[in-house]
Amino acid sequence: MSLYIKNATIITMDPKYGTVHGGLIIENGTIHAIVDAAQNQELDRSNIDEEYDADGYVIIPGLINSHYHSYANLLKGFGNDLPLEIWSIFTVAYGQSLDEEGSALAVTLGTMEMMKNGITCCLDHFPHLLRTESALMAYQQSGMRVIFAPMLQDIPDYRLLPVSLPIEEYIRLEKTKPKSPSDMLTYYEDLIQRWHGKDAKIQIAVGPNAPQRCSEGMLQIGKQLSQTNHLHLHTHLLETKIQANLGGAVHLLEKIGMLDSPISLAHSVWLKPEEMNLIEGKPVTIVHNPASNMILGSGKAPILEYLKRGISVALGTDASNCGTEHNLFETMRLALMLQRSGETDYRKWLHHEDVFRMATIGGAKAVGMERKIGILSPGACADLVLLKKDSISLTPLNNLLKQIVYYGNGRDVESVMINGQWTIKNGKFVTLNEKQIIQKAKMYREKMKKGASQAVQQARQQQPYFERMYREFFNLE
């Protein structure tokens, strides 16, 4: 099946082509050729099955959400006013209430939100191992491209942090035993066999929660899985100052050898210069999450320093209950503005080209699909977004890319294609029933609240101890 999308303005992100006025020939989910306006007249159409006239539209590569947690899509409005160390006990409590139905709804809500905002691929750092099947089935139904990274973790925060819980609470928490490295090896091997590469849109990645939350044995299993199966690695890294004070996270990744494999590091707010030296020149991508970093009060990631050192940077929206909407147009603007705040030397400011590259080319590297997505070029996957030229954002049209970054939003998105298949066409979902999903999510709300009530009550009992730890760390009265 071949499709010719014609008469568009195409931002390819490929230096060879730049911005093209013409069309794309798509065959079997892949971009076969780029056709400029002059070539259109002489094009042999005998092998083209369908033509789509995109006159009046801009085509951009599908945007890539490189750090994201689907489970939290049902938790909007919970926990947005707490710092990470306190927020975490509540997000864990609420997350425990999600059953198979809840996990599938959370995934589907997220895919709808992302696709409406021009996102065609996400890396889902997924903590609920018992819900992976329902989550992946929901991704498959949605048509979204996902890099699915179940979390490896065997050291809980209450053991890591300088928090003094009552002995009875500590004993209660210790009754829940984490999965062992051998358990995780078995789990991953089964998951890879059944889901990795399924429908060309689902890939499995290895997702340590964070270096400090994993024993060396668990990290060794992660490295083994990555190398044996050629899987991408993804982890949180030094998100808060408290985490940085624990020390050793970057050195542990280096010791295990994970920095020598393609790996993406979410947040990376508090790296010291000597730690940056360890990742410089390695196959590492930093995933910048400006919304959640600000909402949780975690700090300002040194993105300018990373770029100066030649370290690749991508963008993520993180979780719904510690960020804003899953909208990379907004995230690009936040990233751009945040790095200007406090920097009086305007020659060092980020520009629109920088953040658009993070959302496309940088994202592709962050999820292990460089030159396959985030770019419109022969041989790349046909993951693309059609934006309306007559939108408010692009009217009057003075500078195309600058206006997409500074003013663009989901209202500009007309159609979305992933791996050569429309998921949104002419403003309507092809793969999903939006009204039905929203109604189901509304009905699930009470079930979720009831299921989480006991865990939330236990979190509230822990909260004063975590708050005391936090206040003492920052010398707050």
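Refer to the structure printed above.
Quick summary incoming for the structure in this document. (Residues numbered from 1 in each chain as written. Predicted model: local features only at pLDDT ≥ 70, side-chain atom pairs only at ≥ 80, totals over all residues. Heavy atoms only, no water.)

Observations concerning the nonpolar core
Inside soluble globular proteins, nonpolar side chains tend to come together where they are buried. Keep this limit in mind: Residues belong to one nonpolar core when they are buried, are Ala, Val, Leu, Ile, Met, Phe, Trp, Tyr or Cys, and are joined through side-chain atoms within 4.5 Å. Burial classes follow relative accessibility: with a 1.4 Å probe on protein chains only, a residue under 20% of its type's maximum area counts as buried, one over 50% as exposed, and anything between as partly exposed. Helical segments are the DSSP runs of H or I of at least four residues, strand segments are the runs of E of at least two, and each set is numbered from the N terminus. In what follows, a contact means two residues having at least one pair of non-hydrogen atoms within 4.5 Å.
The biggest cluster of nonpolar side chains holds 125 residues, and the ones touching the most others in it are Phe356 and Ile404. Of all the elements, helix α17 (residues 434-473) adds the most residues to this core, at 11 residues. In this structure Phe356 touches Ile11, Met13, Ile60, Pro61, Leu63, Met332, Leu401, Ile404 and Val405, once residues within four positions along its chain are discounted. Counting residues in hydrophobic clusters, the runner-up holds 19 residues, among them Ala8, Val20, Ile34 and Ala54.

Re the sheet that holds strand β11 (residues 233-237)
Stated precisely, the cut-off is as follows: DSSP bridges decide pairing: two strands pair if at least two such bridges lie between them. To obtain each axis, a line is fitted to C-alpha atoms, and for helices this fit is confined to the stretch in contact; angles are then taken between N-to-C directions over 0 to 180 degrees.
Pairing within the open sheet is parallel, and its four strands lie in the order β11-β12-β13-β14. The open sheet has two edge strands with one neighbour each: β11 and β14 (312-315). Taking the axes of each pair of neighbouring strands and ignoring which way they run, one obtains an average angle of 30° across the sheet. Sheet topology note: the strand β13 (residues 284-288)/β14 ladder contains four bridges and is parallel. Paired with His288 across the strands is Leu315, a residue of β14. Contacting β13 and β14, helix α14 (residues 328-340) crosses the sheet at an angle of about 130° to β14. Helix-sheet contacts for helix α15 (residues 352-366) involve β12 (263-267), β13 and β14, and the interaxial angle to β14 is about 100°.

Overview of the packing of helix α3 (residues 100-116) against α17
Inclusion rule: These descriptions rest on fixed angle ranges, namely under 35 degrees for roughly parallel, over 145 for roughly antiparallel, 65 to 115 for roughly perpendicular, and the rest for oblique. Here is the rule for handedness: rotate from the far helix to the near one, and if that takes an anticlockwise turn smaller than a right angle the crossing is left-handed, while a clockwise turn gives right-handed. Here the nonpolar group is Ala, Val, Leu, Ile, Met, Phe, Trp, Tyr, Cys and Pro; Asp, Glu, Lys and Arg are the charged ones; every other residue, Gly included, is treated as polar.
At a closest axis distance of 10 Å, the pairing of α3 and α17 adopts a crossing angle of 135°. Viewed along their axes, α3 and α17 adopt a mutual orientation that is oblique. The chirality of how α3 crosses α17 is left-handed. On the side of α3, the interface is formed by Glu101, Gly102, Leu105, Thr108, Leu109, Met112 and Lys116, while α17 contributes Glu434, Ile437, Ile438, Lys440, Ala441, Tyr444 and Lys447. The residue makeup of the contact of α3 with α17, split by class, is seven nonpolar, two polar and five charged.

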